[in-house]
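# Structural overview for review
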Amino acid sequence: MSEIKPVFKPNREFAKEARIKNICEYNELQEWAREDYEGFWDHYAKEKIDWIEPYHTVLDESDAPFVKWFDGGKLNVSVQCVDRHLKTRKNKAAIIFEGDDGDFRTITYLELHFNVNKMANLLKNEFGVKKGDRVVIYMPMIPEVAYAMLACARIGAIHSIVFGGFSSEALRDRIEDADARLVITADGAFRKEKPYMLKPVVDKALAGNTPVEKVLVVKRNFEEIEWVEGRDYSYNDMIDRQPVECEPEPMESEDPLFLLYTSGSTGKPKGVQHNQAGYILWAQMTMEWVFDVKENDTYWCTADVGWITGHTYIVYGPLAMGATTVMFEGVPTYPDAGRAWKMVEKYRISQFYTAPTAIRVLHSTGEHEPEKYDLSSLKVLGTVGEPIDPPAWEWYYEVVGNSKCAIVDTYWQTETGGHMISPLPGATPIKPGCATLPLPGIMARIVDVEGNEKEVGEEGYLCITRPWPSQIRNVWGDEARYRKSYFGDVKIDGKPVYFTGDGAVYDSDGYFTIIGRMDDVINVSGHRMGTAEVEAVINEDEDVAEVAVVGRPHSIKGESIFAYVVLLKPLDDNGPRDAAYVKKHINGIIKAEIGNIAMCDDIVFVPGLPKTRSGKIMRRILRSIAKGEAITQDTSTLEDPSVVQAIEKVVKGS
Ligand code: WT7
């Protein structure tokens, strides 16, 4: 690696106390991992995890890409996150919950223990949930969602959280794919001081045939809901009578812990499976290294538990390390753009973790808001989900962080379970918009399809060349899809390696800059949408003959969805079936089938799509047109090159 030319060096005072204090310490750790990969992981697995039974093998790759970490070991993730802290931190705040209206409550580790054990007993004794059963969780951001996750972990049930913004159809698909018997939900919650509802979505998802037998409902907003006798049960009525001790199930290292559905470039969302030991180990290690949370710190991640960030960095990571984690029900811009900073001041937040989209919103709606609050408690600022543009980064660094906080631009994915490439706040000199270096133990490289290393400045495939503990273990019920989605594209020395789907580039310091998805995946506000998935839904519209969707750069959301639609019959411009009507109808279907996040910002009606003679849609051309760029691609291989001008004309006129 060439000499590092820092843009911003770590804060010296901070670095003195940090777990990894300088770039030499980072290099030594990475060197250790490179030379003795298993020894490195063995050391941390022994140091960090409270084993019920020790493992006999650190890493078993004999059936790669299906790997086993810490085989033979037994543990319980709820013990790792709760019980083991009772010795030293029983009265420390585990969760600080702030409601939408600003009310708050603190749940200590001892209280968390009661609540998790009671919920575990409820699931086990009242519903007969057993080890290996799938439980779907469709809940708002309230502490009970953490109790539900940890209760599942305690009894060995596999949870599958579905983000509360997904529609009943999306929920039904996920319930069916996982074959879940129980759904845990809430009546609803509050947003901008108004109640919103979740239970009606569950009712709709369960209409007709479903594997679900029981629904456990947490009452949060106490709005009126429909109640199906014999199916629906009230958490609030049942929880008090549960015993406060539930024996934790000893789990094998490689028993599944949870499923989380995410979009790919083809087909329906896939159930990313994470297992016990490796996942919790890396969740805890990255929490400690990347956020460097200290015993008296208060840490806040603004994600929703419905995404992997909420799993690893609101619940599992912080609790595994015994930190205080803030959980927020509301939105950071309500009642005004100072809400987030007001909360930082109120709880003296030390580490704040959010998405570039949120930073752009907070910047554009309240550029000077941070100056009105005392943000001196902040030490580390994190971002995740998409590349952060330098103007947003600079505002975050200078105005929010007062030019003294490290910015950790954390690159990772649902499939990686935890951070992969990120600065270490006390060690890594940072540059705007750059994820910097792989974390110790992570072997990342940028290569071409044959596995040849890319030169500085050349875009290539971002790959992880060795298995890591928190990697995806399988696509639920579909081993072939697991192989094909992640190990099908790139080989190094003839051996398939994990390809992230992202393009990246090395700079002259060997730093990694993430460019973005190389597959047909759109990143809307840091959330992944598959083009195939959105197109399949739009195709259901009776007016639609053909459709192609692409991502278009968006100043707040990063990317928005742009749809090119070929209609079956012409619009009636002055009648009821005009363009506005059809567009609204298409977005209505998307909202019903997937949810608001997949709605298209742009829908244009075009005479045809640019296809090759073999029928493949040339999305690059469509992406360029959506961006308003001149077409530089060769269009001579198209079946009908004239369609490109026709599309350009429509887009320019729209
Ligand atoms: C995709 C993963 C990881 C939790 C949130 C999203 C993009 C993620 C960064 C970053 C540039 C990033 C990638 C990745 N991404 N973090 N720091 N810089 N791009 O999880 O839905 O699984 O999406 O988000 O494209 O593949 P996800």
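Note that this is a predicted model, so its numbers are computed, not measured.

### Let's talk about the site of the ligand
Around the ligand there are 18 residues in total, and Asp409, Thr410, Thr414, Asp502 and Arg528 lie nearest to it. Between glycine 385 and the ligand, the recorded distance is 3.1 Å, taken from a backbone N or O atom to a nitrogen atom. Contact between the ligand and threonine 414: an oxygen atom at 2.5 Å from a side-chain N or O atom of the residue. When isolated, the ligand has an accessible area of 560 Å², and the protein chains bury 96% of it. Among the residues forming the shell around the ligand, the class breakdown is 6 nonpolar, 7 polar and 5 charged.

### Thoughts on helix H16 (residues 479–487)
Buried residues of H16: Arg481, Tyr482, Tyr486 and Phe487, and no others. Those residues of H16 hidden inside the fold are in contact with strand E2 (66–71), strand E15 (270–275), strand E23 (474–475), strand E25 (495–496) and strand E26 (498–506).

### A closer look at the pattern of salt bridges
In this structure the tally under the stated criterion is 42 salt bridges. A salt bridge links arginine 89 to glutamate 295, with the shortest nitrogen-to-oxygen separation between them at 2.7 Å. Residue arginine 89 is located in helix H5 (residues 86–89), and its partner glutamate 295 is located in the loop between helix H11 (276–291) and strand E16 (298–301); the two are separated by 206 residues in the primary sequence. Under the relative-accessibility criterion, arginine 89 is labelled buried at 18%. The exposure class of glutamate 295 is partly exposed, given its relative accessible area of 44%. Where lysine 199 meets aspartate 203, a salt bridge forms, and the shortest distance between an N and an O atom there is 2.8 Å. Of this pair, lysine 199 and aspartate 203 both sit in helix H9 (residues 199–205), 4 residues apart, which is roughly one turn of that helix. One exposure class covers both lysine 199 and aspartate 203, and it is buried.

### Here we look at the sheet that holds strand E12 (residues 232–234)
Read from one edge of the open sheet, 8 strands run E12-E11-E8-E6-E7-E14-E15-E23, paired in mixed fashion. Only two strands of the sheet have a single neighbouring strand rather than two, namely E12 and E23. When strand E6 (residues 134–138) meets strand E8 (residues 182–186), the two strands line up parallel, connected through 4 bridges. Following the sheet pairing, valine 135 is matched in E8 by leucine 182. Of the strands in this sheet, E6, strand E7 (158–161), E8, strand E11 (214–218) and strand E14 (256–262) touch helix H7 (residues 143–155), which is tilted by about 175 degrees from E6.

### Here's the deal with the domain arrangement of the chain
Each domain of the chain was delimited in the assignment, giving domain 1 (36–330), domain 2 (444–517) and domain 3 (523–653). Its C-alpha centre places domain 2 at a distance of 29 Å from the equivalent point of domain 3.

Quick notes on the rules
- Residues numbered from 1 in each chain as written.
- Predicted model: local features only at pLDDT ≥ 70, side-chain atom pairs only at ≥ 80, totals over all residues.
- Heavy atoms only, no water.
- Near = heavy atom within 4 Å.
- Polar contact = N/O pair within 3.5 Å; in protein donor to acceptor, adjacent residues only side chain to side chain.
- Areas by Shrake-Rupley, 256 points an atom, 1.4 Å probe, with all protein chains shown as cover.
- Nonpolar A, V, L, I, M, F, W, Y, C, P; charged D, E, K, R; others polar.
- Buried < 20%, exposed > 50% of the residue type's maximum accessible area, 1.4 Å probe, protein only.
- Helix = DSSP H or I, 4+ residues; strand = E, 2+ residues; numbered from the N terminus.
- Contact = heavy atoms within 4.5 Å.
- Salt bridge = Lys/Arg side-chain N within 4 Å of Asp/Glu carboxyl O.
- Pairing = 2+ DSSP bridges.
- Axes fitted to C-alpha atoms, helices over the stretch in contact; angles between N-to-C directions.
- Domains from an automatic or database assignment.

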